[in-house]
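# Geometric and topological summary
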Amino acid sequence: MKNIRVVITGTVGAGKSTFVRTASEIDVVEIERKVSNSEKEYSFKDKTTVAFDFGKLALDANKNLHIYGTPGQTRFDFMWDILIKGAEAYILLVKANQADSFSYAKDILAFMNNRVQVPMVIGLTHTDCSGAIPTEEIVQHLGILNDKDYPAILKVNPRLKISVVTALKVLTNKVI
């Protein structure tokens, strides 16, 4: 049995914690705190991840995934560094209907790629929401158009098991 460490990272509100909860076959370990009063104006959630989320999924008889979700806020980027080390692959979740977060997503992508050279997938969330930007524009904003190792880009609904498992299968096929 092979255990594969996968990191789910991305912008605030992109669905990282939801993705891990949806994928996991165990009760997810979530290290969250209440959003402070000063953060409430920037957040639509009551809680925010401050360390990581952890879940497990048996993809098949030979592969177990250990799934780690990162915090989305830069003040917790030290956890990004800890979680990405030793990862065999990662997914960057980008909220497609929030154009003002694309440069932040690009920064996260650069952060991760400066630390590891592992397979990755870009998962576009909120593609069915009002104001969702077309995939081609998001790719331009992320600056990966001319990338020789152009990553797979998928629409992902973090609340749907089939969508999450499909993204994980696409990712792990790159690991083997």
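Whatever comes next refers back to the structure up there.
## Remarks on the packing of helix H1 (residues 16-23) against helix H5 (residues 161-175)
- At their nearest, the axes of H1 and H5 sit 9 Å apart, and the two run at 95° to each other. Taken together, the axes of H1 and H5 lie roughly perpendicular to each other. Between H1 and H5, the residues in contact are Phe-19, Thr-22 and Ala-23 and Lys-161, Val-164, Ala-167 and Leu-168, respectively.
- By residue class, the composition of the contact of H1 with H5 is 5 nonpolar, 1 polar and 1 charged.

## Here's the deal with the nonpolar core
- In terms of nonpolar packing, the biggest core is built from 27 residues, with Tyr-90, Leu-92, Val-94 and Ile-122 touching the most fellow members.
- When residues in this core are grouped by element, the largest group, 7 residues, is from helix H3 (residues 102-115).

## A short note on the packing of helix H2 (residues 77-84) against H3
- At a minimum axis distance of 10 Å, the contact between H2 and H3 shows a crossing angle of 40°. Accordingly, the angle class assigned to the pair H2 and H3 is oblique. The crossing of H2 and H3 is right-handed. Taking contact as the criterion, the partners of Asp-77, Trp-80, Asp-81 and Ile-84 in H2 are, on H3, Tyr-104, Ile-108, Phe-111, Met-112 and Arg-115.

## Quick look at the packing of aromatic side chains
- Overall, the coordinates contain 3 aromatic pairs when judged by the stated rule.
- Aromatic pair Trp-80 and Tyr-104: ring centres 6.4 Å apart, planes at 45°, arrangement tilted. Remark: Tyr-104 occurs in helix H3 and Trp-80 occurs in helix H2; sequence separation between them is 24 residues.
- Taking the relative accessible area as the measure of exposure, Trp-80 reaches 3% and is therefore buried.
- Taking 5.1 Å as the distance between ring centres and 85° as the angle between the ring planes, the aromatic pair formed by Trp-80 and Phe-111 counts as edge-to-face.

## Overview of H3
- If you check H3, its first and last C-alpha atoms are 20 Å apart, about what 14 residues at 1.5 Å a residue would give, namely 20 Å.
- Those residues of H3 that sit buried are Phe-102, Tyr-104, Ala-105, Ile-108, Leu-109, Phe-111 and Met-112.
- Of the surrounding secondary structure, the elements contacted by the buried residues of H3 are strand S1 (2-10), H2, strand S5 (89-95), strand S6 (120-125) and helix H4 (135-142).

## Quick word on the pattern of salt bridges
- Inspection of every chain in the model, using the stated rule, returns 4 salt bridges.
- The partner of Lys-63 in a salt bridge is Asp-60, and the shortest N-O contact between them spans 3.8 Å.
- On the basis of relative accessible area, Lys-63 is assigned to the buried category, the value being 12%.
- Owing to a relative accessible area of 35%, Asp-60 belongs among the partly exposed residues under this scheme.
- The closest approach of N and O atoms between Lys-85 and Asp-81, which form a salt bridge, is 3.6 Å.
- Under the relative-accessibility criterion, Asp-81 is labelled partly exposed at 22%.

What counts, and at which threshold
Residues numbered from 1 in each chain as written. Predicted model: local features only at pLDDT ≥ 70, side-chain atom pairs only at ≥ 80, totals over all residues. Heavy atoms only, no water. Axes fitted to C-alpha atoms, helices over the stretch in contact; angles between N-to-C directions. Helix = DSSP H or I, 4+ residues; strand = E, 2+ residues; numbered from the N terminus. Parallel < 35°, antiparallel > 145°, perpendicular 65-115°, else oblique. Contact = heavy atoms within 4.5 Å. Nonpolar A, V, L, I, M, F, W, Y, C, P; charged D, E, K, R; others polar. Core = buried A, V, L, I, M, F, W, Y, C linked by side-chain atoms within 4.5 Å. Buried < 20%, exposed > 50% of the residue type's maximum accessible area, 1.4 Å probe, protein only. Left-handed = near helix turned anticlockwise from the far one by under 90°. Phe/Tyr/Trp six-rings, centres within 6.5 Å; stacked < 30°, edge-to-face > 60°. Expected span 1.5 Å × (residues − 1). Salt bridge = Lys/Arg side-chain N within 4 Å of Asp/Glu carboxyl O.

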